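Summary of the model geometry
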Amino acid sequence: MTRYDNLAGIIGERIEQGLYTCGQRLPSVRALSLEHEVSISTVQQAYRVLEERRLIEARPKSGYFVIQQHEPAALPAMCRPAQRPVEISQWDLVLKLLRSDPVDGMVHLGPGMPDISSPTLRPLTKQLSRIALHPDLRGMTYGDISGAPGLREQIARLLVDSGCLALPDDIMITTGCHEALSIAIHALCQPGDIVAVDSPSFHGVTQTLKAFGIKALEIPTDPVTGISLEALELALEQWPISAIQVTPNCNNPLGYIMPDAHKQALLNLAARYDTPIIEDDVYGDLAYRYPRPHTIKSFDDDGRVLLCSSFSKTLAPGLRVGWIVPGRYMEKVIHMKYIGTGATALQPQLAVAEFVRLGHYQTHLRRMRARYQLNCDIMTDWVKAYFPPETRVSRPQGGFLMWIELPERFDSLRLNRQLEKMGIRIAVGPIFSASGKYRHCFRLTYATQLTAEIEAAIKKIGETIKKQLAEVTA
């Protein structure tokens, strides 16, 4: 965390809390420099960060002023899925999303793909090239089944930021977060078992349950605080649940960060029913606030939380480098890894380890968090400007995904078919439900540079939605 980031955070909080009101002139650069005992350049850089976040504006010869903040759009409603286990469907819709080629001429607003064009990734590509050309061919071997020791050491250091104290030997490298989640499920469950999931939920988890013959029990989820503990407790009382799977930080697709008190209460509830928790933290490092949020794993003192993550969303998905901290289930997890893919490809592990060790990872994160937060604000403004007034929009606290909810008479599957003819694709709502709910919802991504072409696409989406709603109402 740089000094100017820290100062920008302090001023930003004061604005959000109303201590600096709309139109109010902010303290001068010199005054803030004296108040916080930092250099004038640090204050100037902090003000630039707040300008990028569109919280303040500079007025010639007058100073910096707080910008008028727009009334936020209504949040999505908390869904009430059937409180019974269901067989998972929607594979055909998921497969269609997975087959979307980002270079096929379409405007892709559905896939959870990070921006891989940032210049802060250049040191990583150089490391990949250097290791590929190394004369001892060290990147061409199998490597340790648990992963490269140097990478596990760097991940253990990164985990400290999330409040999680883990040793390198507590960590196993996987082929992306998806494999980590799959291994965790396979290690804990048998065909016919039941897993409780937040709803809406990441389609990769539900499709993994489908492949293993496991049923999903969808739990109502609040767009601000996360999974309903009351509904989860009722489910634990009624059903033999083998595991609880949640994404508490920068949730996919709702974007919330579960409060720490809620995380602790969830862990206490799982302990009371002796149920393991599979925690997906793949977006956690992309939280807009600093310090980054704690994981549920950071509160775990008996090893019941299996923490899964990767560099797929923070760096690039093509690296296929993830990890799992499985706690008491390490022996089962290693066995599942061995009978699945075996050791993860060593070359990208070595490159990522050096990238992190040399400090490039934190530099890249700072850049991407600022970019995604700015893009989130812009995308929200576009949705509010071009979509119908009854549109509900999530308020992402990190990452680059946004959940859109429309009246229940709306059909996102029909919308997607219409948009494909215009060269646009979205992620339809039903893929985020085990039972095919959320047909009136869809997910948008705002990871890449938001160009005039993307704004035009958002406008077309809004116009098409309005036409569909008018036709249904008529």
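Use the structure listed above.
Calculation criteria
- Residues numbered from 1 in each chain as written.
- Predicted model: local features only at pLDDT ≥ 70, side-chain atom pairs only at ≥ 80, totals over all residues.
- Heavy atoms only, no water.
- Helix = DSSP H or I, 4+ residues; strand = E, 2+ residues; numbered from the N terminus.
- Rg over C-alpha atoms; globule rule 2.2 N^0.38 Å.
- Buried < 20%, exposed > 50% of the residue type's maximum accessible area, 1.4 Å probe, protein only.
- Contact = heavy atoms within 4.5 Å.
- Pairing = 2+ DSSP bridges.
- Polar contact = N/O pair within 3.5 Å; in protein donor to acceptor, adjacent residues only side chain to side chain.
- Expected span 1.5 Å × (residues − 1).

1. Comments concerning the overall build of the chain
In terms of helices and strands, the chain carries 15 helices and 16 strands. The C-alpha radius of gyration computed for the chain amounts to 23 Å, which stays within 12% of the reference 23 Å derived for 474 residues, consistent with globular compactness. With the C-alpha coordinates aligned to their principal axes, the bounding extent of the chain is approximately 65 × 65 × 45 Å. Of all 474 residues assigned to the chain, the portion counted as buried reaches 56%. Within the chain, contacts between residues at least 6 apart in sequence are counted, and of these 75% link residues at least 24 apart.

2. Overview of the pairing of strand S11 (residues 322–325)
Of the two faces of S11, both are covered, the one formed by Gly322 and Ile324 as well as the one formed by Trp323 and Val325. Here four bridges tie strand S10 (residues 305–310) to S11, and the two strands are oriented antiparallel to one another. Paired with leucine 307 across the strands is valine 325, a residue of S11.

3. A short note on the pairing of strand S2 (residues 63–66)
Pairing analysis gives four bridges linking strand S1 (residues 56–59) to S2, with the strands arranged antiparallel. Following the sheet pairing, glutamate 57 is matched in S2 by phenylalanine 65. Between S1 and the antiparallel strand that follows it, S2, lie three residues; lysine 61 among them carries a positive phi value of about 60°.

4. Observations concerning the side chain of asparagine 249
As for its placement among the helices and strands, asparagine 249 is situated in the loop between strand S8 (241–246) and helix H10 (260–272). We classify asparagine 249 as buried; its relative accessible area is 0%. A polar contact is formed between the side chain of asparagine 249 and the side chain of aspartate 281, at a distance of 3.0 Å. Polar side-chain contacts of asparagine 249 include one of 3.1 Å to the backbone oxygen of histidine 294.

5. Quick look at the sheet that holds strand S15 (residues 427–428)
Pairing is antiparallel across the open sheet formed by four strands, whose spatial order is S12-S13-S16-S15. At either end of the open sheet lies a strand with only one pairing partner, and these are strand S12 (392–393) and S15. Taken together, the five bridges between strand S13 (residues 401–405) and strand S16 (residues 441–445) define a ladder with antiparallel strand orientation. The residue of S16 that forms the bridge with tryptophan 403 is arginine 443.

6. Description of helix H7 (residues 176–188)
Because the α-helix completes a turn every 3.6 residues, residues three or four places apart line up on one side. Taking 1.5 Å as the rise per residue, H7 with 13 residues should run 18 Å; its terminal C-alpha atoms sit 19 Å apart, in good agreement. Among the 13 residues that make up H7, 11 are buried, leaving the element largely enclosed by the rest of the structure. Among all positions of H7, only Gly176, Cys177, Glu179, Ala180, Leu181, Ser182, Ile183, Ala184, Ile185, Ala187 and Leu188 are buried.

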